[in-house]
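Fold and contact review
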Amino acid sequence: AICQGGHVYTWGHGENGKLGHQDNNDKKLPTKVSALLEKKVLAGKGACGFDHILLLTAGAEYGEIGREFGVTISPGLPMSMGANTAGQLGLDDNSGRPQWTPQILDKKLRNNIEGSIDAKGGSGMFEGNQVTQVAAGQYYSLFLAGGKVWSCGQGDAGQLGLEKPPDDPNRPKFIPMRF
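Residues numbered from 1 in each chain as written. Predicted model: local features only at pLDDT ≥ 70, side-chain atom pairs only at ≥ 80, totals over all residues. Heavy atoms only, no water.

1. Here we look at the packing of aromatic side chains
The criterion, for reference: Between 30 and 60 degrees the pair is tilted, below 30 it is stacked and above 60 it is edge-to-face, where a pair is any two Phe, Tyr or Trp rings, Trp via its six-membered ring, whose centres lie within 6.5 Å. By the criteria applied, helices consist of DSSP H or I runs no shorter than four residues and strands consist of E runs no shorter than two, each listed in order from the N terminus.
Counted by the stated rule, this structure contains 3 aromatic pairs. With centroids separated by 5.4 Å and ring planes inclined at 45°, the aromatic side chains of F126 and F143 adopt a geometry described as tilted. Here F126, found in the loop between α2 (107-112) and β9 (131-136), pairs with F143, found in strand β10 (residues 140-145); they are 17 residues apart in sequence, far enough to count as distant. Through a chain of ring-to-ring contacts, the aromatic side chains of F126, F143 and W150 assemble into a single cluster.

And the structure:
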């Protein structure tokens with residue numbers, strides 16, 4: 001659940017850290033995802049897959065850019081957490097390790113999110129376009145950015161909209177339009 005203020009609450013089966021609470025424990029009641037608060041990242045939209053969750057950032061500004069702890073977060077930056085066995089998180093990580101807290105897909109922004117950054121320009125991913133919608137399946141993820149659909153994860157049965165599985169399932173790929 002994403003509240004109006006951008007806070008995320010998850011509950012249910014916690015295997016592979018998919019609830020974002022830095023553990024594998026089940027949660028019987030809605031529990032706030034504290035890692036987003038620590039990074040001062042608010043969520044705008046989300047989607048739940050079988051064993052992973054996708055979130056989009058909501059725009060936020062904290063302090064002054066260029067000063068200590070000044071952070072601007074662009075809206076529409078995708079984040080993911082949970083199982084990554086098939087590359088469904090879209091992270092540049094071939095290890096298949098689960099992510100127990102929400103991770104911003106853009107490696108440059110993910111590495112600097114704790115510091116003083118200006119992310120107003122958005123992500124370098126998705127041809128620089130803001131992601132406006134996310135969808136999550138069993139072992140795959142879809143992203144709508146700039147009027148194009150991008151996909152990552154397991155695609156052996158055509159889930160990714162590609163003619164064949166991508167070479168690197170951890171990197172989101174553009175789905176060319178076919179009719």
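2. Quick word on the layout of surface pockets
Filter applied, for reference: Cavity means a closed set of points on a 1 Å grid over the protein atoms alone, one where a 1.4 Å probe fits but cannot get out, pocket means an open set with protein on both sides within 12 Å along at least 5 of 7 lines, and lining means a residue has an atom within 4 Å of a point. Grid points are joined across faces, edges and corners, and a volume is the space filled by probe spheres set on the points.
Of the voids in this model, the largest pocket is the one considered here, and its volume is about 220 Å³. Taken together, 19 residues form the lining of the largest pocket, with A1, Y9, T10, C48 and I53 sitting closest to its centre. Ranked by residues supplied to the lining of the largest pocket, first place goes to strand β4 (residues 52-57) with 4 residues.

3. Points about the nonpolar core
Put simply, the rule is: Definition of nonpolar core: a set of buried residues of the types Ala, Val, Leu, Ile, Met, Phe, Trp, Tyr and Cys, connected through side-chain atoms within 4.5 Å. Relative accessibility thresholds used throughout: buried, under 20% of the residue-type maximum; exposed, over 50%; partly exposed, between the two (1.4 Å probe, protein chains only).
Membership of the largest hydrophobic core comes to 14 residues, with the highest contact counts inside it found for L105, F126, V131, V134, F143, A145 and W150. Breaking this core down by element, the ones donating at least two residues are β4, β9, β10 and β11 (148-153).

4. Notes on the sheet that holds strand β7 (residues 78-82)
Rules: In short, DSSP must find at least two bridges between two strands for them to pair. For helices, the fitted axis covers only the stretch in contact; all axes are lines through C-alpha atoms, and the angles between them, taken along N-to-C directions, range from 0 to 180 degrees.
Judged by pairing direction, the sheet is antiparallel, and its 4 strands sit side by side in the order β3-β4-β7-β8 without closing on themselves. Each edge of the sheet is formed by a strand with only one pairing partner; in this case those strands are β3 (43-48) and β8 (99-104). With direction set aside, neighbouring strand axes in the sheet form an average angle of 20°. As paired elements, β3 and β4 share 5 bridges and run antiparallel to each other. What sits directly across from A43, in β4, is T57.

By themselves, these figures tell us nothing about what the structure is for.
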